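# Remarks on the overall topology
Next come the chains, spelled out residue by residue.
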Amino acid sequence: MPSIIVTGGRSLSGTVRVGGAKNSALKLMAAAVLAAGESVIHNVPEISDVDVMAQVLEGLGVRVTRDGHSVRIDASQVTSVETPYELVAQMRASIVVLGPLVARFGRARVAMPGGCNIGSRKIDMHVHGLEHLGAEIAFEHGYIDALAPDGLTGAQVILDFPSVGATENLLMASVLARGTTVIDNAAREPEIGDLVDMLVAMGARITGRGSSTLEVEGVGTLSPVEHSTVGDRIEAGTFIVAGALTGGPVTVTGFDPTHLEMLLTKLRAAGCTLDVQSDSVTVTREGGIRPVDVATLPYPGFPTDMQAQFMALMALAEGDSVITENVFENRFMFADEIKRMGADIDIEGHRALVRGVPALQGAPVVCPDLRGGAALVLAGLVAEGDTVVTDIHHIMRGYEDFTGKLAALGADVTLDGE
Ligand code: UD1
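Reading the values: the criteria
- Residues numbered from 1 in each chain as written.
- Predicted model: local features only at pLDDT ≥ 70, side-chain atom pairs only at ≥ 80, totals over all residues.
- Heavy atoms only, no water.
- Salt bridge = Lys/Arg side-chain N within 4 Å of Asp/Glu carboxyl O.
- Helix = DSSP H or I, 4+ residues; strand = E, 2+ residues; numbered from the N terminus.
- Buried < 20%, exposed > 50% of the residue type's maximum accessible area, 1.4 Å probe, protein only.
- Core = buried A, V, L, I, M, F, W, Y, C linked by side-chain atoms within 4.5 Å.
- Contact = heavy atoms within 4.5 Å.
- Phe/Tyr/Trp six-rings, centres within 6.5 Å; stacked < 30°, edge-to-face > 60°.
- Lys NZ or Arg CZ within 6 Å of the ring centre and 35° of its normal.
- Polar contact = N/O pair within 3.5 Å; in protein donor to acceptor, adjacent residues only side chain to side chain.
- Near = heavy atom within 4 Å.
- Areas by Shrake-Rupley, 256 points an atom, 1.4 Å probe, with all protein chains shown as cover.
- Nonpolar A, V, L, I, M, F, W, Y, C, P; charged D, E, K, R; others polar.
- Pairing = 2+ DSSP bridges.
- Axes fitted to C-alpha atoms, helices over the stretch in contact; angles between N-to-C directions.

With that out of the way, let us pick up the pattern of salt bridges. When the charged atoms of two side chains lie near each other, side chains of opposite charge can form a pair. Scanning the model with the defined rule gives 14 salt bridges in all. Linking Glu168 and Lys27 is a salt bridge whose minimum nitrogen-to-oxygen distance equals 2.6 Å. Remark: Lys27 occurs in helix H1 (residues 22-31) and Glu168 occurs in helix H6 (residues 164-174); sequence separation between them is 141 residues. Given a relative accessible area of 8%, Lys27 falls into the buried group. The closest approach of N and O atoms between Glu82 and Arg109, which form a salt bridge, is 3.0 Å. Taken together, the positions of Glu82 in strand S6 (residues 82-83) and Arg109 in strand S7 (residues 107-111) put the pair 27 residues apart, joining distant regions of the chain. On the accessibility criterion, Arg109 (25% relative accessible area) is partly exposed.

Residues three or four positions apart in an α-helix share a direction because the helix packs 3.6 residues into each turn. H1 sits mainly inside the fold: nine of its ten residues count as buried. Within the span of H1, buried status applies to Lys22, Ser24, Ala25, Leu26, Lys27, Leu28, Met29, Ala30 and Ala31.

The subject of this paragraph is the nonpolar core. Ranked by internal contacts, the top residues of the largest apolar core, which has 79 residues, are Leu171 and Leu199. Not counting residues within four places of it along the chain, the set of residues in contact with Leu199 comprises Ala31, Leu34, Leu171, Met172, Val175, Ala204, Ile206 and Leu222. Counting residues in each nonpolar core, the second largest holds 72 residues, with Val16, Ala244, Phe255 and Ile345 among its members.

Overall, the coordinates contain three aromatic pairs when judged by the stated rule. Ring geometry for Phe239 against Phe402: centres 5.7 Å apart, planes inclined by 50°, an arrangement best described as tilted. Remark: Phe402 occurs in helix H14 (residues 402-408) and Phe239 occurs in helix H8 (residues 233-246); sequence separation between them is 163 residues. For the pair Phe239 and Phe402, one class covers both residues: buried. Ring centres 5.3 Å apart and planes at 70° place the aromatic pair Phe302 and Phe310 in the edge-to-face group. Every member of this aromatic cluster is reached through a ring pair, and the members are Phe239, Tyr399 and Phe402. Of note, Arg109 hangs over the ring of Tyr143, and the distance from its end group to the ring centre comes to 4.1 Å.

Bringing the environment of Glu400 into the picture now. By the element assignment, Glu400 lies in the loop between helix H13 (393-398) and H14. Separated by 385 residues in sequence, Glu400 and Thr15 have C-alpha atoms that sit 16 Å apart. Residues contacting Glu400, with those up to four places away along its chain left out, are Pro45, Glu46, Ile47, His69, Glu235 and Lys405. Within polar-contact distance, the side chain of Glu400 engages the side chain of His69 at 2.9 Å.

Let us now look at the site of the ligand. The immediate surroundings of the ligand are formed by 19 residues, with Asp124, Met125, Ser163, Asp305 and Val327 found nearest. Measuring from an oxygen atom of the ligand, one finds a side-chain N or O atom of Lys27 at 2.7 Å. The contact in question runs from an oxygen atom of the ligand to an N or O atom on the backbone of Met125, over 2.7 Å. Coverage of the ligand by the protein amounts to 85% of the 740 Å² it exposes when considered alone. With three residues, helix H5 (residues 124-132) is the single largest residue contributor to the shell around the ligand. For the shell around the ligand, the per-class residue count stands at seven nonpolar, five polar and seven charged.

Attention shifts here to the sheet that holds strand S4 (residues 63-67). If you trace the four strands from one edge of the open sheet to the other, you get S4-S5-S3-S14, paired in mixed fashion. Pairing within the sheet leaves two strands with one partner each, and these edge strands are S4 and strand S14 (226-228). With strand direction ignored, the average angle separating the axes of adjacent strands in the sheet is 15°. The pairing of S4 with strand S5 (residues 70-74) spans five bridges and is antiparallel. Bridged to Thr65 within S5 is Arg72.

Remember, this is a structural readout, not a statement about activity or role.
Next comes the structure, spelled out in structure tokens:
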């Protein structure tokens, strides 16, 4: 069974460059389906979720060619509008093809995502939003069937919650709809700004980028484009926390630090010194880790995708902190694993009380999910002895060469049994 073996206690220093954002690249690839022709997306990370999205597109008859970090997507010939369960089950973000397919072809058939280990993760807002735009939706044999034979029509859609996926699906559905669509209470994550940039370059008419109200004036057709993916703020945040845990100095480049302001504020409060430049952050820490409370919220709030990594830091703080998870239910599976390394954490509902301990001990642990898996490796960097992390396919979904990048900073970390 492949595993990551970390021997704790090494100091980390140097520079690490992050790749393009996973959460953006997957949606940009889906957006390419909106235009008949070949789009090229650069700065796409080599991770398994991108492989799955490539398979989703190939299943539609789209030609996908990878060349390092560039992906060519030729959607001239789309021969199917169906995405099967075997792909959606591997990656629920596959449902983001729903919007572009209904928009361009008037129909889509996408398997319903199953339960997920991060809460129930519903899709009601995606579905209701498409219905508002005039799609007829049926649920049959485990599939969502969306039909709009005469095309979609612009409408006002107010989301119950600023869902990232629903905002993206509705944005991609509305760019080819007749008339004006207003998406209210839209998510404001930087990856949505990146999607808006690509759609606008393709010829879409969208205003309100970066705000919670997106207004889309539908156009007849879109053209293929060349676009570069925004830097991955979550990969960056993960390495910044690695620097915070080990003391640094660690410089993380290749992303926009304004996309991580809440994390950086919390790290300063925890006793880290940060040198913030236009596309990099250098983190150092000399004193002890101060306890800091955080509550996850939609952007620009504290990212839920940084919650586990921050919990690893707080596990070693000189005092108690409270971490509140407001975005997903049941996103504390990581706590059970790090407790096996000696962390003192009590979970009550969506709050975790983390009582800092002086040290963690290496232990065999299992990745609960993508970010929790990365956070276990971070904990291993400062634990006494060896930590053996298994089920690392979760980490491969979203981090390119995670162990190689950590080793280049001086970590004693190896990938075993590939
Ligand atoms: C995306 C990111 C994920 C990140 C999350 C929140 C990708 C591939 N994934 O996930 O890494 O953690 O944003 O920043 O981009 N919800 C509903 N009904 C819906 C849609 C969502 O109730 O129709 C709920 C979900 O169950 C969850 C919350 O809304 O509790 C947030 O989900 P959402 O913002 O949609 O996250 P994703 O797009 O799935």
